[in-house]
Amino acid sequence: MIRDKVLVKCIVNGKEVAEYVDPRESLLDMLRNRLGLTSVKKGCEVGECGACTVIIDGETVDSCIYLAVWAEGKNIRTLEGLEKNGDLTRIQEAFIEEGAIQCGFCTPGFVMSATVLLERGEVLTREAIKKHMSGNLCRCTGYQNIVNAVEKVMKENAAENEGA
Amino acid sequence: MYDIENYYNAKSVEEAAALLREHPDSRIISGGSDVLIKIREGKMAGTSLVCIRDIKEIQGISKKENGDIYIGAGTTFSHITNDPIIQECIPVLGEAVDQVGGPQIRNIGTIGGNICNGAVSADSAPTVFSLNALLRIEDGNGGRTVPVKEFYLGPGRVDLKRGEILTHVIIPAEEYQGYHGHYIKYSMRKAMDIATLSCSVVSRVDTEKNILEDVRITFGVAAPVPFRCEKTEAALKGMPVDEKLYQTIEESIRQEISPRDSWRASREFRLQIGGEIAKRALIRTVELAGGNRK
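Residues numbered from 1 in each chain as written. Chains lettered and ligands numbered in written order. Predicted model: local features only at pLDDT ≥ 70, side-chain atom pairs only at ≥ 80, totals over all residues.

**Focus: the overall build of chain A**
Across its full length, chain A holds 5 helices and 5 strands. Traced from its N-terminal end to its C-terminal end, chain A shows the element sequence β-β-α-β-β-β-α-α-α-α. Summarising its shape, the C-alpha atoms of chain A cover approximately 55 × 35 × 25 Å along the three principal directions. Restricting to contacts in chain A with at least 6 residues of sequence separation, those with at least 24 account for 59%. (Helix = DSSP H or I, 4+ residues; strand = E, 2+ residues; numbered from the N terminus. Contact = placed C-beta atoms within 7 Å.)

Below, the structure is given as structure tokens:
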């Protein structure tokens, strides 16, 4: 029987965090219940829907199938860490402009997947964008507007880089 | 909360082997994308876990002086796909594991877990078979090395005894140098789906003489374990590269594989696409070799 909690030290949204967690606990539960980061949504809990997507050391991960103890020493980012002084990031604005949100439950996960993709600075085809976003499910929008939003920001970034 | 009885974290292969022997009710967890889901579903509820994620020596990819490629069992699918050695020497393996699940799963799932689960639909398996890979297994007492073909015993069953850990997938130099490979996964969805049928072809073409010198064809989901089509391989070896070759592979595969009916697809449908994807994969390997296909 597991009785003892384990101390996990990691960085969450730029801040050092130290929490005693149960070794049976998912990172999703730790982020939501211990740290109050409720942008991380509990959807399918089996790594299919992507609603709980967070960025760990630069890679997207479904936090529902990731044990909290594995977070030791990791750099974790959630949607809460994106805004700066109350301003949304460009991809968040683009989701609004393109109508890429309906009920909103899948949105934080989609934004995290898009964030990693855009930070890589590559310019991809629509097909390649879809492939990168394929681990996130949306039951409302039909995906077109989500891909439009990602494509829009990708093109803006590319134009900016060319201008610079 | 996951229904886990006890959780042990191994820092070395020796420690993992000792923990597994000490706790007979325990099983290995690496990426977790299969084990945690089975715990959630209840199939492995109440199990104890020996975690091998912190064992650095079984992560990453290296090429030895003799050209043999060692892939650490704990290397994630996305790291395999992005690895320069894999991209240069065996791109087919990087492409195959890039078809597992979705990006989030490829960032945690490992090739060792993919193989040790013994699932016939594993996206790494057909290519690992077609590359005649060897598996390095350690037990803290010298260990052993086995051909991958002997490792799969049945659906979900592999030849891994208590206290043993798969540490490396070895691709010997002579098995990939001069060869080109292509993997085709047939599934209902483009992502987040498991294969209805899959086929990996690895071939060596003499482009001067226009001869198929060597070919290896492995199917996933055509039998209880990944299935090497040895009869077809024997029939094709030495044939000139032309339309007749492609016709022969298509027909011969339909004779040789014996897929089952399941809710995913009927036997007849699998036979039909089996011939087709084997042919298409072979054509692609010939193109990659610079063969004379129009």
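**Structural notes on the sheet that holds strand 10 (residues 165–171) of chain B**
All names here are of chain B. Here 5 strands make up an open sheet; going across it, the order is 4-5-10-6-7 and the pairing antiparallel. A strand with exactly one partner marks an edge of an open sheet, and here the two such strands are strand 4 (61–63) and strand 7 (144–147). Across this sheet, the average inter-strand angle for adjacent strands is 25°, counted without regard to direction. The strands touched by helix 1 (residues 13–22) are strand 6 (134–138) and strand 10; relative to strand 10, the strand with the most contacts, the crossing angle is about 135°. (Pairing = 2+ DSSP bridges. Axes fitted to C-alpha atoms, helices over the stretch in contact; angles between N-to-C directions.)

**A short note on the domain arrangement of chain A**
Residue and element names in this part refer to chain A. Taken domain by domain, chain A holds domain 1 (6–81) and domain 2 (90–163). The gap between the C-alpha centroids of domain 1 and domain 2 is 22 Å. Opposite the 13 residues of domain 1 that make contact, domain 2 presents 12 residues. For the side of domain 1 that touches domain 2, the element with the most residues is strand 3 (residues 53–56), which contributes 3 residues. (Domains from an automatic or database assignment.)

**As for the sheet that holds strand 3 (residues 47–51) of chain B**
All names here are of chain B. Read from one edge of the open sheet, 3 strands run 1-3-2, paired in parallel fashion. Two strands in the sheet have a free side with no partner beyond their single neighbour: strand 1 (4–9) and strand 2 (26–29). Sheet twist, expressed as the average angle between the axes of neighbouring strands with direction ignored, equals 30°. By the bridge criterion, 4 bridges tie strand 2 to strand 3 in an arrangement that is parallel. Within strand 3, the residue paired with Arg27 across the bridge is Leu49. Packing against the sheet, helix 1 makes contact with strand 1, strand 2 and strand 3, and its axis sits at approximately 165° to strand 3.

**Section: the pairing of strand 3 of chain B**
With 4 bridges joining them, strand 1 of chain B and strand 3 of chain B adopt parallel strand pairing. Bridging from a neighbouring strand, Tyr7 of chain B pairs with Leu49 of chain B of strand 3 of chain B.

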